[in-house]
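Chains, contacts and geometry: an overview
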Amino acid sequence: MSLAIISDNLAKIRESIDEAARRSGRSGSEVTLVGVCKYFGTDITRQVAEAGLLELGENRPQQLWEKAEALGDLPIRWHQIGKLQRNKVRRSLPMIRLFHAADSLRLLNEINKEAARIDIVQQVLIEVNVSGEETKHGFMPNEMESILEKCSQFEAIQICGLMAMAGLHSGLKGAAQEFESMRELRERLKRTKPENVKLDELSMGMSRDYHIAIEQGATIVRVGSSLFEGIPRF
Ligand SMILES: *Cc1c(COP(=O)(O)O)cnc(C)c1O
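Overview of the structure. Please read these numbers as outputs of a predicted model, since none were measured by experiment.

Some remarks on the overall build of the protein chain
Looking only at helices and strands, the protein chain has 8 helices and 8 strands in total. For the protein chain, the spread of C-alpha atoms along the principal axes amounts to about 50 × 40 × 30 Å. Buried residues in the protein chain amount to 53% of all 234 residues. Here the analysis covers contacts within the protein chain between residues at least 6 apart in sequence; of these, 62% occur between residues at least 24 apart. Surface accessibility of the protein chain: about 11200 Å² in total, with carbon and sulfur atoms responsible for 47%. For the protein chain, the distance from the average position of its 32 positive side-chain charges to the average position of its 33 negative side-chain charges is 2 Å.

Details of the packing of aromatic side chains
Per the stated rule, a full pass over the model turns up 1 aromatic pair. Plain terms: the ring middles of Phe-40 and Phe-228 are 4.6 Å apart, the flat faces sit at 40° to each other, and that makes the pair tilted. Of this pair, Phe-40 sits in the loop between β1 (32-36) and α2 (42-50) while Phe-228 sits in the segment after β8 (220-223), and the two are 188 residues apart along the sequence. Just as Phe-40 is buried, Phe-228 falls in that class too.

Remarks on the pattern of salt bridges
According to the stated counting rule, one finds 12 salt bridges in the structure shown. Between Lys-12 and Asp-8 there is a salt bridge, with the nearest N and O atoms lying 3.3 Å from each other. Residue Lys-12 and its partner Asp-8 are both found in helix α1 (residues 2-23); the two are separated by 4 residues, about one turn of the helix. When the shortest N-O distance is used, the salt bridge between Glu-110 and Lys-113 registers 3.6 Å. Within this pair, Glu-110 and its partner Lys-113 are both found in helix α5 (residues 105-117), separated by 3 residues, close to a single helical turn. Classification of Glu-110 by relative accessible area gives partly exposed; the value is 22%. Judged by its relative accessible area of 56%, Lys-113 falls in the exposed class.

Thoughts on helix α7 (residues 171-192)
When the terminal C-alpha atoms of α7 are compared, their 32 Å separation across 22 residues agrees well with the 32 Å that a helix rising 1.5 Å per residue should span. Regarding α7, the residues found buried are Gly-174, Ala-175, Ala-176, Glu-178, Phe-179, Met-182, Leu-185, Arg-186 and Leu-189. Elements that come into contact with the buried residues of α7 comprise α6 (144-151), β6 (157-163), β7 (201-203) and α8 (210-215).

Observations concerning the state of the cysteines
On inspection of all chains with the given rule, the structure shows 0 disulfides. Of all cysteine sulfurs, the one in Cys-160 lies closest to Cys-151, which takes part in no disulfide; the gap is 11 Å. Judged by relative accessible area, Cys-151 falls into the buried class, the value being 2%. Judged by its relative accessible area of 8%, Cys-160 falls in the buried class.

Notes on the environment of His-211
You can see His-211 is positioned in helix α8. Judged by its relative accessible area of 29%, His-211 is partly exposed. Placed 35 residues apart in sequence, His-211 and Ala-176 show a C-alpha to C-alpha distance of 9.8 Å. Once you skip the residues sitting within four places of it in the chain, His-211 turns out to touch Ala-20 and Arg-23.

Conventions we followed
- Residues numbered from 1 in each chain as written.
- Predicted model: local features only at pLDDT ≥ 70, side-chain atom pairs only at ≥ 80, totals over all residues.
- Heavy atoms only, no water.
- Helix = DSSP H or I, 4+ residues; strand = E, 2+ residues; numbered from the N terminus.
- Buried < 20%, exposed > 50% of the residue type's maximum accessible area, 1.4 Å probe, protein only.
- Contact = heavy atoms within 4.5 Å.
- Areas by Shrake-Rupley, 256 points an atom, 1.4 Å probe, with all protein chains shown as cover.
- Lys, Arg positive; Asp, Glu negative; His and termini not counted.
- Charge placed at Lys NZ, Arg CZ, Asp CG, Glu CD.
- Phe/Tyr/Trp six-rings, centres within 6.5 Å; stacked < 30°, edge-to-face > 60°.
- Salt bridge = Lys/Arg side-chain N within 4 Å of Asp/Glu carboxyl O.
- Expected span 1.5 Å × (residues − 1).
- Disulfide = S-S within 2.5 Å.

Scope: geometric values only; no functional claims are made or implied.
Below you can see the structure in the form of structure tokens.
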């Protein structure tokens, strides 16, 4: 039963991604949907993959490990979208396609060391605290130029872009402004960034605001709740 509900929700989300992309002069195929399955266990997560969504995100590393191992028979690409503690880098890296939430140089340094050790190049987004809320993680916009300069020296990390979350208290209007300032920040940084740093990706927008984020240029949206509407959590 839940597979039908999830498939239906997924179709609706893809439709509104298409519409929002068109409003920003793009096509929906230029926006990557990451399904955030953190509210559910392995069984429901498997159904999301079976419904055809193979880009999946988790907030907590332990949950990602558990699911990546249990669902190893499916070609899922895992996104770590929440905080990663340095002592969890070693176990996480082999499973993560894209890490969205790099928020300190110490963490980046650890990722670089570990990626070099296992001979991979880890794809990473730098998290920006665009709302300035103290509870939010990420670098402040005005330190980004020097952060990218430092990132260019990590030989086992590929910086792919930026990630941000709208402020908890921003409302939809405020979120739109924050997403717009992320787009402007990216344009500005593109002019000064080191050559080996890429800023192609802009990961922003969740269930309540992904349509707005896409209008402002998001290339990746992280959608959880909307995917599971109609499915009891417990
Ligand atoms: C939970 C979470 C999401 C998805 O949130 P929904 O409101 O359920 O869509 C997106 N990004 C991050 C970082 C999250 O922790």
